[in-house]
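Examination of the molecular architecture
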Amino acid sequence: MKFLQKVSKFLADYTVWVVIAIAVFAFFLPQMMAWVNLSMFYDFVGNKFTVQSLIIGVIMFSMGLSLTTEDFKILAQRPFDICIGAAAQYLIMPFSAYFFSRLLHLSPALSLGLILVGCCPGGVSSNVMSYLCGGDVAFSVGMTTASTILSPVMTPFMVALLAGGATIKIQAFPMFVSIIETVLLPVAVGFFLNYKLGRNKAFQEVQKVMPGVAVLGLAAVVGGVMSSQGKAFITSGLVVFVAVFLHNFVGYCLGYLAGVLTGMSTPKRRTISIEVGMQNAGLATNLATSTAQFATMPQATIIAAVSCVWHSISGTLIAAFFAHLDKAKEAKAGSEETVAAKA
């Protein structure tokens, strides 16, 4: 078990490189990751369940295992912060996705993919990034929990609002069901197990392995998308990467600005920036590949796939940037103290 925990820590520390490595591997050897896209069954509303759907459920289950009753108390004790965070999450990213899809003249399928990413809840690795950059981890967990709980309603509603129209018809109910099945149920089961067994030492040892499982799951999701859509990355052109970069960058900036305008502390500003900017692109990928109405627009998965990779990279970079600012500030303060002591 200790060995597995060390492997898990290594994977969590090097998430970016693990995801990139699997993405590159799947691009050149797509048949090796084709198993991720294997169909399993269809649910009662016509959503296709694949191995990828199961993997997403495992990732969300691992997140549920990290939640405690204290995390839910945060939602009650800090309603203003959580409300601001949720509002920023479901306003900034969806509407900026809509704006960039129009600005860059994306095709209907690519527009749908970008909007879908923007309408998903916060990413599962955002809590780790908040921790690494000196953010407010409790606030991060609260925001992630709130956005995930709201996602069965808000994601279908915002997608239908922004991507609906003559060329794209969105059915909210199948998406609602898919999010319940792949997000809320696994999170609820994980939370229930943690609630019942959280004090058990053997269970605590297993919990330490789950971050690595989540990283491998994320990498597998990205690999599966690369396996089926890798060639489309080349043919879709530079505009896809520009759209993903701008959407993500604006999310970080406007998220931070929302923290400034509402008078939040620096740790909270960093947290809301990361929570807003980092989307659960893995969930978006799963919805794009498994939800019935997206079947006629396979290109919608391209932007979700690019986002899976880029959000992991950019989240690590911004966390390192914030951490560097702290180190620079500490070094400056130490230098000033030394000068004052000599004087």
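Residues numbered from 1 in each chain as written. Predicted model: local features only at pLDDT ≥ 70, side-chain atom pairs only at ≥ 80, totals over all residues. Heavy atoms only, no water.

A short note on the overall build of the protein
Selection rule: Per the convention used, a helix needs a DSSP run of H or I reaching at least four residues, while a strand needs a run of E reaching at least two, with both numbered from the N terminus. Note on areas: Shrake-Rupley with a 1.4 Å probe; residue coverage comes only from the protein chains shown.
When its secondary structure is counted, the protein shows 15 helices and two strands. Per element, the accessible surface of the protein, about 15600 Å² overall, is 72% carbon and sulfur.

Considerations on the confidence of the model for the protein
Caution is warranted with low-pLDDT regions, since their predicted coordinates should not be read in detail. Our working definition: You can read pLDDT as the predictor saying how much it trusts each residue, on a scale of 0 to 100.
On average, residues of the protein score 82 in pLDDT, and 89% of them reach the 70 mark or higher. Here helix α7 (residues 126-132) stands out as the least confident element of the protein, with mean pLDDT 71; helix α12 (residues 238-261) is the most confident, with 93.

Let's talk about the side chain of H311
Quick note on the threshold: Think of it in three bands: residues with accessible area under 20% of the maximum for their type are buried, residues over 50% are exposed, and the middle band is partly exposed, with areas taken using a 1.4 Å probe on protein chains only.
With respect to the secondary-structure elements, H311 resides in helix α15 (residues 300-342). A residue is classified by how much of its surface remains accessible, and H311, at 3% relative accessible area, is buried.

Re the pattern of salt bridges
Rule in force here: Within this document, salt bridges are pairs made up of a side-chain nitrogen of Lys or Arg and a carboxyl oxygen of Asp or Glu, the two lying within 4 Å of each other.
Per the counting criterion, the structure on display carries four salt bridges. The salt bridge involving K208 is made with E205; its shortest N-O contact spans 3.5 Å. Taking the relative accessible area as the measure of exposure, K208 reaches 46% and is therefore partly exposed. Across the pair R270 and D326 runs a salt bridge whose closest N-O atoms are separated by 2.7 Å. Linking R270 in helix α13 (residues 266-277) with D326 in helix α15, this pair joins segments that are 56 residues apart in sequence. When salt bridges with common partners are traced through the structure, they connect K2, E205 and K208 into a single cluster.

Things to note about unusual backbone geometry
The phi dihedral of H105 is positive, around 55°, even though this residue is not glycine. Inspection of the secondary structure assignment puts H105 in the loop between α5 (79-103) and α6 (108-118).

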